[in-house]
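Residues per chain are reported as follows:
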Amino acid sequence: MISSISHFDHLEDLDSESKYLVHKAKDATAHAYAPYSKFCVGAALILDDGTVITAANQENAAYPLCMCAERVALYAKASAHPEKRILKLAVVAHKKNHKELSPAACCGSCRQVILEFEHRQNKPIEVIMYGPDKKWIKVHSAAALLPWGFGKEAFE
Ligand code: THU
């Protein structure tokens, strides 16, 4: 099922929980380790009991080992709070030493991983990001970001 996608011109137009999570993601960019790309990404998750988990991208001199902020956040959540459900994920980015946000849609690998988390918890995960057209994008479910994503049903 393709879920709905909402676009917002201004961050202020989002609901207060989403705005709060975007601010948490912005704060998390301070912990990016991005000496190679100089692209600082922050992600924030809010769980069903209100817990917020934040993370930032972590790069490596062996480039393929770089890890996106979204996946750092998701794996930290799975390790520390396996029993809780993710309600929402926000992701933002800026170039190093730039205050202004850069548009940054989740990469395909992260979409695939978010989708599996959604399947694991059997409930949608809302995703908020600052899209390439400089509009805020909110999707009700990760499934909207990756139609026909690969899933465990392939093995059944
Ligand atoms: N990056 C993320 O953290 N999330 C994404 O969804 C896209 C890319 C990071 C990985 C790398 O450290 C830098 O941005 C440039 O690709």
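See the structure shown above.
In this text, all values refer to a predicted model and were calculated from it rather than measured experimentally.

1. Here we look at the nonpolar core
So, point 1. Counting residues in hydrophobic clusters, the biggest one holds 28 residues, and the most contacted among them are L45, L74, I86, L89, I114 and V127.
So, point 2. Of all elements in the fold, only β2 (39–47), β3 (52–56), α2 (69–80), β4 (86–95), α3 (108–121), β5 (126–130) and β6 (136–139) reach the threshold of two or more residues within this core.
So, point 3. The residues touching I86, leaving out its near neighbours within four places in the chain, are L45, I46, L47, L74, K77, F117, Q121, P124 and I125.
So, point 4. In this structure, L14, A25, I46 and I128 belong to the second largest nonpolar core, which totals 14 residues.

2. Some thoughts on α2
So, point 1. Taking 1.5 Å of rise per residue, 12 residues should cover 16 Å, and α2 covers 16 Å from first to last C-alpha, within 8% of that figure.
So, point 2. Within α2, burial applies to A69, E70, R71, A73, L74 and K77.
So, point 3. On its buried side, α2 packs onto β2, β3, β4 and α3.

Reading the values: rules and limits
Residues numbered from 1 in each chain as written. Predicted model: local features only at pLDDT ≥ 70, side-chain atom pairs only at ≥ 80, totals over all residues. Heavy atoms only, no water. Core = buried A, V, L, I, M, F, W, Y, C linked by side-chain atoms within 4.5 Å. Buried < 20%, exposed > 50% of the residue type's maximum accessible area, 1.4 Å probe, protein only. Helix = DSSP H or I, 4+ residues; strand = E, 2+ residues; numbered from the N terminus. Contact = heavy atoms within 4.5 Å. Expected span 1.5 Å × (residues − 1).

Scope: geometric values only; no functional claims are made or implied.
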